[in-house]
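Letter by letter, the chains look like this.
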Amino acid sequence: MNEEFYTAQELADKLKVNIMTIYRYINSGKLNAYKTGKDFRVSKEDYEVFLKNKQRNLLEEKNNQILQLSKEIEKLKSNIKKQRYGLVWVDVPEAFEDDVENKIPILKEEKSLAIENNDDKPTHLLIEGDNYHALTCLNYTHKGKVDVIYIDPPYNTGNDGFRYKDKRILDKYPDGTDVPKDSPYRHSYWLSFMKKRIELAKTLLTSNGVMFISIGNDEIAQLKLLCDEIFGEKDSHNIIHWKKNQKPQNASNTISESAEYVLVYFNEKPIKLVRGMKGTRTDERGSFKPSPLFTFDDRKRRTQTVPKGTPIECKVWKKGKLQAVRNKLAYLNILDEPIIKNGILQNDVRVDGQWRKTDTNGEFQKVVEDNRLFVNSNGFPNEKSYRDEDSKNVNTNLWLNAGYNELGKQLLDEILGQDNVFPYPKPIELIKEILRSINKQDAIMLDFFAGSGTSGHALLDLNREDDGKRQFILVTDNENNIMSEVCYPRIRNVINGYDFSGKEKQVLFEKTLTLTDLKKADAILEEIDGITKENEESKRWDKISKSINDGLLKMVGEKNIEDKKGGLGNSVKFYRADFVGENNIMHSTDKDKLELAYNAGELLAIAENTLYEQKKNQYYQIFKDKDRFTAIYFREEMDEYDEFIEEVRGIRGKEISVYVFSWESDESIYELEDLKNVRIKTIPQPIVEIYKQIYNLI
Ligand SMILES: C[S@@+](CC[C@H](N)C(=O)[O-])C[C@H]1O[C@@H](n2cnc3c(N)ncnc32)[C@H](O)[C@@H]1O
């Protein structure tokens, strides 16, 4: 025997199998061999590769079996629960396009649809495709990273276009069919559809992430039980009642529906949902609402000292009488000459006025000590109520003034310059209120039933309002061209501006008045004046009108626009769900995995939030975002590896994520070990593993 080679018989003896099995391994390409006359020779090296692959396949097979068993256990557990109490339905298998069923999902960028503005604002993601596939991909890129999910799924009313592809009867309804109200499977289809999508979405949330789901009367009960099952029953989960129309609708002769619901589900750690507080301002300490320290009740007139160090926003705050804008009888008397440098008071100044908080019970002193006192642009002392610090500022489950459906339609038609573009757009105010409530200015928001893109628009508008850095991920299919003709053009127009002729209106301030409010009406009016004057917003409007309707005090900005409505800036990358390989994930071959590795670039770029491609060749790809980079070596062959390592070493970035092709999950790269800013990861096995877990979950 040659020391470096084995004959087929020697291998059969070594592996304790029949020689025919060895020939089969050779013929199928699993074992590399050289033909010598009638027999084969296998090098020691090839034999070791064969053994390693065999072990890997065995391990994968065992892992699959474990996953299958866990799935069985989960099913049994949930059956036991169901036998006692819970939601029972026929879990109908869902079919997808034939060519998709047995492939591996990825995201592919459509470069021509990118919207780019070099404006230091966030880059957002638009994804076209079935949300089931998009959520599968996002489970690799965004597991545990999403702060808030808002969805507005089909309500299953019987005429809202909800379709379900029942895998069992595909020959009868090859394209799926709209589910009619009298279908015996109506709720089962909807629940089967929603369950797997919500389960996939839940894993994307951060531990204190929140999911908001809009829903109507047809599925509220089923959805509540389903979500209780998925998120676990907790007191903190809730249902917001949202007043959806300005006026009652007369569609029904039994009861007119003026409200619908928004289910609120917290992931592991519930957070306080704060009240949106329109008209809030932000300083380095957080979002605050100014409230006047005056009552205009002359019985409260006294002298109090505004201390040195107080911020003064009023351009000319000087000794003497200062008349209130609204109330002729109300005024301040500034008794000392203020010295102001860079907007900060340099001396103690006594002010005579109708103080709402006084030193007598220490209330005024507390405002001063908390650094919440400031003098507004009208020259009146105000206190800042910080949203995070006000324990009473918790939101309620009754939303009467969070936009109305009529406004949603009107706005969408205006942006696209057509009538009746889409029947069900939500108003942006509803989503803005949701985003305000989680109180995170750099939140990542996902909407996987994005439709006309309202939630993305709302997020952009709120970022404009409070200088936020929130990022959206919107997913929608292209049913009735909703992505190509509505969602995409809407987001593009909002970002880049659009032609518009007419009146633009925006609600700037709203308050439902209580009796207590009426007692301090003057103060509220003063507050409104203050907001109008101080706020940058005021400069954007030709007219600001105030009205009171049904106890709701409202301030609306109006502007005549003739040609172009200015864009909000920001950038967007556009992706489509795509598919690689020829086998479903549980049976993916090495060939499928290689194809996945070649095509995983965008998935990795999204996972790292480095969305801009810098370089791509046959072997590697490099993405960038500001000073962070992702470098990917996606080929099994090492031909260009040295060049790749050189390239990575040449990158002057803050953080570099390096992905290299490997059959295993945890490789290390010695060549880069000395670089501190480099994190090494592998492809494609980690993607395969996450997808497998999903496959088993469903
Ligand atoms: C009720 S609409 C959402 C409306 C949206 N909130 C707005 O304001 O425009 C639901 C949307 O989800 C889309 N959709 C339905 N099933 C889907 C699926 N499986 N994957 C992706 N999108 C889907 C529909 O095309 C529809 O546009």
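Per chain, residue numbering runs from 1 following the sequence as it is written. Reporting in this predicted model follows two pLDDT cut-offs: at least 70 for local features of residues, and 80 or more for side-chain atom pairs to be given and counted; totals over whole chains, interfaces and linings ignore these cut-offs and use all residues. Side-chain metrics in this entry use all non-hydrogen atoms of the structure; hydrogen atoms and water are not considered.

### Quick word on the UniProt feature "coiled-coil region" (unreviewed entry) in the protein chain
Part 1: Sequence positions flagged by UniProt for "coiled-coil region" (unreviewed entry) are, in local numbering, residues 52–79.
Part 2: Secondary structure elements are defined from DSSP: runs of H or I of at least 4 residues count as helices, runs of E of at least 2 residues count as strands, and each element is numbered from the N terminus. Span residues 52–79 is 100% helix and 0% strand, its end C-alpha atoms 40 Å apart. UniProt positions are given in the numbering used here, feature names are shortened, and annotations may be inferred rather than shown by experiment.

### Focus: helix 6 (residues 186–202)
Given 3.6 residues to a turn, an α-helix orients residues that are three or four positions apart in the same direction.
Part 1: Take the number of residues in a helix, subtract one, and multiply by 1.5 Å to get its expected span. Taking 1.5 Å per residue as the helical rise, helix 6 with its 17 residues ought to reach 24 Å, and the 24 Å between its terminal C-alpha atoms agrees with that figure.
Part 2: Among the 17 residues of helix 6, 14 are classified as buried, and the element is accordingly described as predominantly covered. Relative accessibility decides the category of a residue: with a 1.4 Å probe and only protein chains considered, values under 20% of the type maximum give buried, values over 50% give exposed, and everything between is partly exposed.

### Examining the nonpolar core
Part 1: What is meant by a nonpolar core is a set of buried Ala, Val, Leu, Ile, Met, Phe, Trp, Tyr and Cys residues, joined one to another through side-chain atoms within 4.5 Å. Membership of the largest hydrophobic core comes to 77 residues, with the highest contact counts inside it found for Ile 198, Met 211, Leu 446 and Phe 448.
Part 2: Among the elements that take part in this core, helix 6 stands out by supplying eight residues, more than any other.
Part 3: For the domain bounds, the source is a domain assignment made automatically or taken from a database. Mapped onto the domain boundaries, this core takes at least three residues apiece from domain 2 (99–276 + 394–499) and domain 5 (589–697).
Part 4: The contact criterion used is simple: two residues touch if any of their non-hydrogen atoms lie within 4.5 Å. Look past the residues within four positions of Phe 448 in its chain and what remains in contact with it is Asn 131, Leu 135, Ile 149, Tyr 150, Ile 151, Arg 197, Ala 201, Met 211 and Val 475.
Part 5: Within the second largest apolar cluster, 49 residues are counted, among which are Leu 126, Ile 240, Val 262 and Leu 474.

### Digging into the environment of Phe 623
Part 1: Along the chain, Phe 623 turns up in strand 32 (residues 620–625).
Part 2: Residues Phe 623 and Asp 442, 181 residues apart in the sequence, show an inter-C-alpha distance of 22 Å.
Part 3: The residues contacting Phe 623, other than those within four sequence positions of it, are Gly 601, Glu 602, Ala 605, Thr 610, Leu 611, Tyr 612, Glu 613, Gln 614, Arg 628, Phe 629, Thr 630 and Ile 632.

### Topic: the pattern of salt bridges
Part 1: One speaks of a salt bridge when a side-chain nitrogen belonging to Lys or Arg is within 4 Å of a carboxyl oxygen belonging to Asp or Glu. For the coordinates displayed, the defined rule picks out 49 salt bridges.
Part 2: Linking Lys 244 and Glu 260 is a salt bridge whose minimum nitrogen-to-oxygen distance equals 4.0 Å. Taken together, the positions of Lys 244 in the loop between strand 10 (238–243) and strand 11 (259–266) and Glu 260 in strand 11 put the pair 16 residues apart, joining distant regions of the chain. Of the two residues, Lys 244 and Glu 260, both sit in the buried class.
Part 3: We note a salt bridge from Asp 627 to Lys 654, for which the minimum N-O separation is 4.0 Å. Residue Asp 627 is found in the loop between strand 32 and strand 33 (628–633), and its partner Lys 654 is found in the loop between helix 17 (641–650) and strand 34 (655–662); the two are separated by 27 residues along the sequence.
Part 4: On the accessibility criterion, Asp 627 (33% relative accessible area) is partly exposed.
Part 5: Judged by relative accessible area, Lys 654 falls into the exposed class, the value being 59%.
Part 6: Several salt bridges share partner residues, and in doing so they unite Glu 429, Lys 432, Glu 433, Arg 436, Asp 461, Arg 464 and Glu 465 into one network.

### Side note on the site of the ligand
Part 1: What makes a residue near a molecule or strand is one non-hydrogen atom of that residue sitting within 4 Å of it. Around the ligand sit 19 residues in total, of which Asp 152, Lys 426, Ser 452, Thr 454 and Asp 477 are the nearest.
Part 2: As used in this structure description, the phrase polar contact means that two N or O atoms lie within 3.5 Å; if the pair is within protein, one of them must be able to donate a hydrogen and the other to accept it, and residues adjacent in sequence are counted only when both atoms belong to side chains. In the model, a nitrogen atom of the ligand is placed 2.7 Å from a nitrogen or oxygen of the Asp 152 side chain.
Part 3: Here Asp 477 contributes a side-chain N or O atom positioned 2.7 Å from an oxygen atom of the ligand.
Part 4: Considered on its own, the ligand offers 610 Å² of accessible surface; in the complex 90% of this is hidden by protein.
Part 5: Only Asp, Glu, Lys and Arg are considered charged in this grouping, and only Ala, Val, Leu, Ile, Met, Phe, Trp, Tyr, Cys and Pro are considered nonpolar; every other residue, Gly among them, is considered polar. Class assignment of the residues belonging to the shell around the ligand gives a composition of seven nonpolar, six polar and six charged. Values of accessible area rely on a 1.4 Å probe in the Shrake-Rupley scheme; residue burial ignores everything except the protein chains shown.

### A look at a negative patch on the surface
Part 1: A cluster of acidic residues, Asp 642, Glu 646, Glu 671 and Glu 673, forms a negative patch on the protein surface.
Part 2: Relative to the assigned elements, Glu 671 resides in the loop between strand 34 and strand 35 (678–684). Only residues whose relative accessible area exceeds 30% and that form no salt bridge are eligible for patches; like-charged ones are grouped when within 9 Å, while nonpolar side chains (Val, Leu, Ile, Met, Phe, Trp, Tyr) are grouped when within 5 Å. We treat Lys and Arg as the positive residues and Asp and Glu as the negative residues; His and chain ends play no part in the count. Working definition for charges: the position is that of NZ of Lys, CZ of Arg, CG of Asp or CD of Glu.

### Quick look at the domain arrangement of the protein chain
Part 1: Domain parsing of the protein chain yields domain 1 (5–52), domain 2 (99–276 + 394–499), domain 3 (281–386), domain 4 (502–562) and domain 5 (589–697).
Part 2: Measuring from the centre of the C-alpha atoms in domain 1 to the corresponding centre in domain 5 gives 34 Å.

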